[in-house]
Each structure stands twice: as C-alpha cells, then as structure tokens.
Amino acid sequence: MMSFIRKRAFASLISLILLVVAVFFLSRLTGDPAALYLPSEASEEMRRQFREIHGLNDPILVQFGRYVWDLLHLDFGDSVRRARPAFEVVSEAFLWTLQLAVITMTLVTAAAIVVGSLAAFRVGGFFDRIASLTSLIGASAPDFWVAIVAIVVFSVGLGWLPTSGTGSVWHWILPIGVLFIRPFGLIVQVVRGSMINALSSAYVKTARAKGVRTRPIIFVHALRNAMLPVITVIGDQAAALLNGAVVIETIFGFPGVGKLMIDSILQRDFNVVLAAIMITAIAIFIMNLLIDLAYALLDPRIRY
Amino acid sequence: MIRRSLIWGTLAAATMLTPAFAQDSTVRIVLNEEVDLLEPCMSTRSNIGRVTLQNINETLAFLDLRQGGGLQPKLAESWEQLEDGSWRFHLRQGVTFSDGTGFDARDVKHSFDRAMDPSITCEVPRYFGGMTIEAEVVDDHTIDFKADPQQPILPLLLTLISIVPEETPVEFVREPIGTGPYTLTEWTPGQRIVLSQRDDYWGETPAVTGATYLFRADPAVRAAMVATGEADISPSIAALDATNPATDFSYLDSETVYGRLDHSVAPFDDLRVRKALNLAIDREAFIGTLVPEGALLASAVYPPPTLGWNEAVEVWPYDPEEAARLLEEARADGVAVDTPITLIGRTANFPNNVEILEAVQQMLQEAGFTVQLQFYEVAEFEDLYSKPYPEGRGPMVVVAMHDNSRGDPSFSMYFKYASDGRQSGISDPKVDDLINRAQAATGDEREALWKELHAYLHDDVVADLLLFHMVGFSRVNERLDWTPTMATNSQLPLADIAFK
C-alpha cells in the first residue's frame, strides 16, 4: 500500500511540475501586465518601472528560475492586483471551495445512491420513471439559469432565503442546492445502471431464494458490488467542483477559487493563477488517491 | 430528545447568525466587483474610490457635482494662485486622523510625494502627465504647490490626492488611515468591508453611522438584493432590471460614446463627407430603444456639467437627403466617397454595443456610404485607437467610450484633439492654439476659450461622429434619501445619504 502511495505521489509530482512549467510560460503569452495596470497614456519610463517592481523586466528564463527558487522556499510570490501574498489569497478562496465541494458531494452521493438503487429495484416502475426523468432534467439544466430562477423564486418571491453571499447557514442553501442538481442527475443514472447489473447477478437471486429482505439485498449485497463505477463518476464530479464552480461563485457572490482563477487570468495576475492551479492540482491528486484506496476497500480483489 | 434539541439549537444558532435586516442607521452597499485593495493612492479606481473617498480619506478640495457647486473646500479652507503661478493652500486646523495624530502641511506633502513615488505604482500619476509638481511646506497649516508648466487647474487636480498621515510607508497599505468621518473596522477579503463612524471627526456628523460593502458580479443579483432588503444601494444595475420607479434611478454617468475619424485618410479629409456622416445618423431613434432613456445626444466628448459647456452648439440633425446631396457634391469634385469605410467597435464595451453599431452601419449605408463593421478585443482595439496608427490603414470610424467626470475639458481635449494627442484624428493649428490657451487660462477666460473650442470642433472642423452621453442605473432602498450623480461612478460619500 505504502509503495503504491509513494509511486502515485511521484507520478503526480511530475505532472505538477509539467503543469507549473506550462502555465508559467503560457500565462506570459496573455500579455504584459503593465499594459493592463497602467493607462494607455503611460510613458515608456512608467512601464519600465512597473515591470522592474514586479520583476517582469528580466528575460523569461531568469523570471522562471527565480520563481522556482522562491517556490522551493514555499514563497508563491505576491499578487500584483491585491498587493498580498498570492498563497494567502488562494488559500482563503480554496477553503470556501473545499467546504462547498465536500458538503455538496456528500449530499449528492447519499441522495443519488438511495434514489438510484431504489429506481433500479423495479425497472420501469413508477419510482424509476420519476427518478429517471428528474435526474435527466437535473443533468441537463444550465446552472446559471437554475441559479437565477432559484433567487427569483426563493429570495425575491417567497423571501425564505438570502439571495447570495455568506454569513449564515441560510446562505449556503441556494448555492449548494443549485450545485447539487447536475452531479445528482448524473450519478443517479450511473447508480441505476450499475445496480440493475448487480441485481440480476446470481448472488442476488440466491439471496432472494434464501428469503433475505429487500432492503438488505439492495443496500448490503448489491450496492457494494455496484459502487466501483459510481465512485469513478463521483471522483470526476468532485474534481470539477474543486476546480471551482465559476458560475455559482459569480452569481451567489461566493468567494471561491474558480472565480478567483478566472479574474486573475483576466487581470494578468500570474502568481495568483499559478498558486491557484498548484493548490487545486494537489487537492485533486489527493482526492484521486483516496478514490483508488476506496476501490481496494470495496473490492477485496483489488490489491496495490 | 437529544437529537431534537440539537436540531432546534442549530436552527436557533443559524437564525442568530443571519444578519438582521437592519432598519437602523447603517447601510449596506453592493458593488459590482470585489474591492481587493484599499490603498488611498488607488482611489481613482472606481470601487476603491466608492469605499475610501471622503469616507476614510479626504482630499484638500472636492468637486461638488450633487449641488453643482463646483470646487469646494475640504481639508483646505482656501487657496490662491501666487504671482509666480504656484498655488498656496491654507489648511483646516483642528483636524485629526483616525489614529489620533494631528493633520498638518507635512501630511499633505507626504501624501502627494507618496502618490507620485515611482516605487509604488499608484494610479494617480496618470493625471499629472507632462508636468512636474513640487510640494513645499510653508508652515504647519500652509503649503505651496509649484508646477512646471503652470497649472491653472491644480486645485482640481488635487481632488485626486487622498490625504494620509506622514507616517504612512511608501508601499501599499491594507489599513487606510484618514481624516474622514469613518474608519475601516472589518475587512474579510472577497466578502465584506465594514466602515464605522468616528467620534472625533472634525466636520458635521453624518446620518449614516456605518456601512457594509458587499460584492456581487451579477447585475440581476445586485438588483434582487436591494429588492429583498439585503442591501440598501446598488450603484450599478442593468437597464433591463431598472423597472421600479420607486427605487431605480438613472443618472448621467460621465461616459460619452463617439466615433473617432482620422482626417488624414480620404475621404475623411473632406469636410462635406464628415458632415454627411453626421447628418446620416438618426440619433434620436436610439434613445429609449438601444440606448436607455435618459441618455443625451452628444455634442462634445465630455458631458454637459463640464466647465465651458457651450449650450449654443446644436447636435447634428437627421437629414439623409442633405447627407446624400453633400456626398454627391464631393463625388463630383473627385473625392473618393466610395472607398469602403471600416466601423470599428470594441467587444463588450457598453450595453447593446453590437446592435448600436449595426444600426449606425445601416444608416450610413442608406446615406450612400460603403461600411464594414469590425469588432476587436481590448488590446487590438487599443492599437487602432491610440497612436501610432497602423500604416496603410483605410478610412476608419473608431467607436469608443470616453469618461470625464472631472469637471474640466482639459482631461479630454489634449488627448483627443491636439495635433500630437495620442488619440487625436485631427491636426488643426487653431485647435492646438485654443487648447494651449484654455489650459493656461483661469476663470471666465478659461470658460470662454473652452466654449469657443467646443463650437469650433463641432460646427467648423466636424472633428468626429459624436453619439451619446450615456446613463447608468442605481437601485436605492426606499428608506434612504439618496440619488446617484455623475460622481457615483467614482465615489459614494456616505455623508450624502440621509434617511427618510
């Protein structure tokens, strides 16, 4: 097990290094920050001074060398726009995204497994049809539209929930509710498909013949075997949420990492872009590792 | 039992955490973009200024756009121009900063020098291009500013300098200290900024005791927040959402949309062609359709309350027959009126940008012009908009939006119309002379010169294709007595807000 984790960590480290190199050079292609931060009438001298202060005057390889050297000392550099350490800016935002992703995915997983399993138990039955229809609608509804409609209905119309922002438990309900819909729709479909397979297998028939009740058949015998493909999809969806839900963050004024990343790219705030990409990449690496370990836990045939 | 009490406990705690929908003397203001810096020398950046200017940090003087009172004293009680052309400011006494230190001339000098210091990249120096200014302390309450060349509008320029204590380091600060009626009490990045009233403010105590600033990028959400009472003021909402006359106000937002013509390229070197271009546009037809109600037809590149606004200048009428006649006349004289003209826009520059330019294109074509429409991203657009202009360019109408809320045409005229102005399409000795003389003049003479230039550029030179002075929309909670002004784009003094 430990050697597996070590191997995976090493492979991820290589991807991370390649990612940092690529992003460092590609982000420089978006243009000169001096052109964005200084007015068009700024003199060449002002532009030179600006680049000097932010270390943009040196040849790009020198800049890269300095960046790597600082990084080895855990210094991610400063944000040009915010005049604060980039790591601080990104970690604040990432913490919000992490909370949002963990809560949403926990709820989605629990709900989707229950609904998907029950739908699979009587294929073509009333519950199955309702579940399939709602999950299909959920998986295909555009989230910016759902978000605005939710605000109009629940905040402006009914006055039950705050429109946006943070500060109390109530503020979390709309963003989580809207974020919930799409992965829920997808995962219900996968659970249903996978459970239909499992429920038609020989060991379920044996269990039924032996008179085991419905609930243990679904949730004890079949579910564990049906979970492997489901976990893969959960991992994909969770990774998407960890990258930040830009639309949701923008509409609900949630200070997450997705919007920060987009803003920083537009603001040519390279250090923040790099820090955000590294931190989310590390989080996704850890999550993938946990998913691999979960495979082994669920299926004794898998050994690392 | 335990579970039930846990549930009720959680619900009760959550209710307590919900911010009370205050009916008190504090206000909540929702801005369109996160304020990620609260540096006083960056207060010319729209949302930073809305939080800091005249709330945390004050200036020597301020431009009164609310009552139209012109330049008014703030931290300076009076000022005068000395014989050598420099300016002397007499400072207010008995003023303290929020950290308890007293305010004197050395603070003013430090604030100016700090904002101009090249080792921090403040936004202020952009307004002081082409001049050198030296601040000299005369005594504790008197300071001189010597400018080379002389600056008749120096007091106006100093409305851009936020005053900070002498001890402020020359680097970006995160806890601004000022002489204003409020201090920063909480700043949670990305979420909120809270200001609270000071007890020891030198001036009149404002009605608003505190303010919370929130940030939402989506205009529909900002409008909804004021509608539900989660916020009291949203300085900018979309025209589409401005549907409630009790809470939604339009205001002239100091932006002017115009098409810049390059007179060095045929056929724009011909006066008749430029006149035809202006006569071909039915400007009235845009108002209330593609351009929101309340917008004004433009006759200058800056809006009406600016010094030297010439009321006598009349916007070009819509007269397609006259336009066609002028074009025919020019064609008969051998002017290349059939050369394809490129109408150039910037993507997402202002609402209905694309539709407005398509309509302009159509109107010009109906008058007999051949027009292509092209859109560019900011950086590429800038290459076409600012000198040096590309070699071998054809005739272009570059449609841009220009902002001047500073009250004086000098912030626009040199760049837009002087022969070596960076965004000028003309080279006219009389214009150059008028600009130079107006910039050096004061008082009535200055006003008269700007008026003359306004009329000359519009009627005689027909310098460009002026279109609209744009409007913005704000939503304001009905409990407040406050309306937006042209200054709302750059500042939002809480002292201006009263309760009904």
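Residues numbered from 1 in each chain as written. Chains lettered and ligands numbered in written order. Predicted model: local features only at pLDDT ≥ 70, side-chain atom pairs only at ≥ 80, totals over all residues. Heavy atoms only, no water.

Asker: Run through the UniProt feature "transmembrane region" (unreviewed entry) in chain A, naming residues and quoting values.
Answerer: All names here are of chain A. The sites that UniProt annotates as "transmembrane region" (unreviewed entry) are residues 94-123, 169-191, 212-234, 240-258 and 270-298. Helix makes up 100% of residues 169-191 and strand 0%, with an end-to-end C-alpha separation of 30 Å. Structurally, residues 270-298 comprises 100% helix and 0% strand, and the distance from its first C-alpha atom to its last is 42 Å. (UniProt positions renumbered as here; feature names shortened; annotations may be inferred. Helix = DSSP H or I, 4+ residues; strand = E, 2+ residues; numbered from the N terminus.)

Asker: So what's going on with the confidence of the model for chain B? Residues and values would help.
Answerer: All names here are of chain B. In this model, chain B carries an average pLDDT of 89, and 95% of its residues clear a pLDDT of 70 or more. Counted against residues more than four places away or in other chains, residues 9-22, with its pLDDT under 50, gives 16 contacts. This prediction of the complex comes with two scores: 0.82 for pTM and 0.79 for ipTM. (pLDDT = per-residue confidence, 0-100. Contact = heavy atoms within 4.5 Å.)

Asker: Which residues make up a nonpolar patch on the surface, and what values do they have?
Answerer: All names here are of chain A. A cluster of nonpolar residues, F144, W145, V149, V152, V153, F154, L158, W160, V246, V247, I262 and L266, forms a patch on the protein surface that exposes about 1,100 Å² of accessible area. Among the elements that line the nonpolar patch, the one with the most residues is helix 7 (residues 143-157), at 6 residues. Mapped onto the elements of the fold, V152 is located in helix 7. (Patch = residues over 30% accessible without salt bridge, like charges linked within 9 Å, V, L, I, M, F, W, Y side chains within 5 Å. Areas by Shrake-Rupley, 256 points an atom, 1.4 Å probe, with all protein chains shown as cover. Salt bridge = Lys/Arg side-chain N within 4 Å of Asp/Glu carboxyl O.)

Asker: Provide a residue-level description of the interface of chain B and chain A, including the pertinent values.
Answerer: Tallying the contact residues gives 38 residues for chain B and 37 residues for chain A. In total, chain B and chain A occlude about 2,900 Å² of area from one another, counting both sides; carbon and sulfur atoms represent 57% of this. The interface formed by chain B and chain A includes 3 salt bridges. A:R81 is paired through a salt bridge with B:D36; the nearest N and O atoms lie 2.9 Å apart. Linking chain B with chain A are 4 residue pairs in polar contact (both at pLDDT 80 or more). Going through the elements one at a time, helix 1 (2-17) and helix 5 (219-228) of chain B are the ones with two or more residues in the side of chain B that touches chain A. Tallying contributions element by element places helix 5 of chain B first for the side of chain B that touches chain A, with 5 residues. (Buried area = accessible area lost by both parts, 1.4 Å probe. Polar contact = N/O pair within 3.5 Å; in protein donor to acceptor, adjacent residues only side chain to side chain.)

Asker: Explain the domain arrangement of chain B to me, using residue names and the numbers behind them.
Answerer: Residues and elements named next belong to chain B. Partitioning chain B into structural domains gives domain 1 (24-35 + 180-247 + 477-499), domain 2 (57-175) and domain 3 (252-472). The C-alpha centroid of domain 3 is placed 35 Å from the C-alpha centroid of domain 2. When domain 2 packs against domain 3, the two sides together hide about 760 Å² of surface, and 72% of this comes from carbon and sulfur. Scanning the region where domain 2 abuts domain 3 turns up 0 salt bridges. Across the contact surface, domain 2 and domain 3 share 0 residue pairs in polar contact (both at pLDDT 80 or more). In terms of residue class, the side of domain 2 that touches domain 3 is made up of 8 nonpolar, 1 polar and no charged. (Domains from an automatic or database assignment. Nonpolar A, V, L, I, M, F, W, Y, C, P; charged D, E, K, R; others polar.)

Asker: Give me the lowdown on the state of the cysteines, citing residues and values where you can.
Answerer: Residues and elements named next belong to chain B. One pass over the structure, following the stated rule, counts 1 disulfide over all chains. At a sulfur-sulfur separation of 2.0 Å, the disulfide partner of C41 is C122. The sign of the S-S torsion, about -80°, decides the handedness of the disulfide formed by C41 and C122: left-handed. Taken together, the positions of C41 in the loop between strand 1 (26-31) and helix 2 (46-52) and C122 in the loop between helix 3 (105-116) and strand 6 (132-139) put the pair 81 residues apart, joining distant regions of the chain. Across this residue pair, the class does not change: C41 and C122 are buried. (Disulfide = S-S within 2.5 Å. Buried < 20%, exposed > 50% of the residue type's maximum accessible area, 1.4 Å probe, protein only.)

Asker: So what's going on with the environment of A:F180? Which residues, and what values?
Answerer: Residue and element names in this part refer to chain A. The residue F180 is located in helix 8 (residues 169-199) in this model. In sequence terms F180 and T30 are 150 residues apart; their C-alpha atoms lie 34 Å from each other. The contacts of F180, once residues within four sequence positions are left out, are T104, L107, V108 and A111.

Asker: Could you give an account of helix 11 (residues 429-440) of chain B, with specific residues and numbers?
Answerer: All names here are of chain B. With 12 residues, helix 11 extends 17 Å between its outermost C-alpha atoms, agreeing within 8% with the 16 Å of an ideal straight helix rising 1.5 Å per residue. Contacts made by the buried residues of helix 11 are with helix 10 (410-417) and helix 12 (443-461). At the N-terminal boundary of helix 11, the capping side chain belongs to D428, with an oxygen 2.9 Å from the backbone nitrogen of K430. (Expected span 1.5 Å × (residues − 1).)

Asker: Which residues make up the packing of helix 7 of chain A against helix 8 of chain A, and what values go with them?
Answerer: Residues and elements named next belong to chain A. Relative to each other, helix 7 and helix 8 sit at 140°, their axes nearing to 10 Å. Between helix 7 and helix 8, the interaxial angle falls into the category oblique. Viewed along their axes, helix 7 and helix 8 form a crossing whose handedness is right-handed. Of the residues in helix 8, those touching helix 7 at D143, V146, A147, A150, I151, F154 and S155 are L174, V178, I181 and R182. Here the contact of helix 7 with helix 8 is built from residues that sort into 8 nonpolar, 1 polar and 2 charged. (Axes fitted to C-alpha atoms, helices over the stretch in contact; angles between N-to-C directions. Parallel < 35°, antiparallel > 145°, perpendicular 65-115°, else oblique. Left-handed = near helix turned anticlockwise from the far one by under 90°.)

Asker: Lay out the pairing of strand 5 (residues 87-91) of chain B in plain terms, naming residues and giving numbers.
Answerer: Residue and element names in this part refer to chain B. Side chains W87, F89 and L91 of strand 5 all project onto a buried face; the interleaved residues R88 and H90 project onto a face where none is buried. Across 5 bridges, strand 4 (residues 76-81) lies against strand 5 in antiparallel orientation. Bridge pairing in strand 5 links E80 to R88. In terms of strand pairing, strand 5 meets strand 7 (residues 142-148) through 4 bridges, oriented antiparallel. When the bridges of strand 7 are listed, W87 appears paired with F145. (Pairing = 2+ DSSP bridges.)

Asker: Describe the pattern of salt bridges, naming the residues involved and giving the relevant values.
Answerer: Evaluation of the coordinates by the stated rule reveals 34 salt bridges over all chains. A:E52 is paired through a salt bridge with A:R48; the nearest N and O atoms lie 3.4 Å apart. With A:E52 and A:R48 both in helix 3 (residues 44-53) and 4 residues apart, the pair spans about one turn of that helix. Using a relative accessible area of 35% as the deciding quantity, one classes A:R48 as partly exposed. In this structure, B:D104 and B:R106 form a salt bridge, with 3.1 Å as the shortest nitrogen-oxygen distance. In this structure, a network of salt bridges that share partners links the residues B:D270, B:R272, B:E322, B:R325, B:E329 and B:D333.

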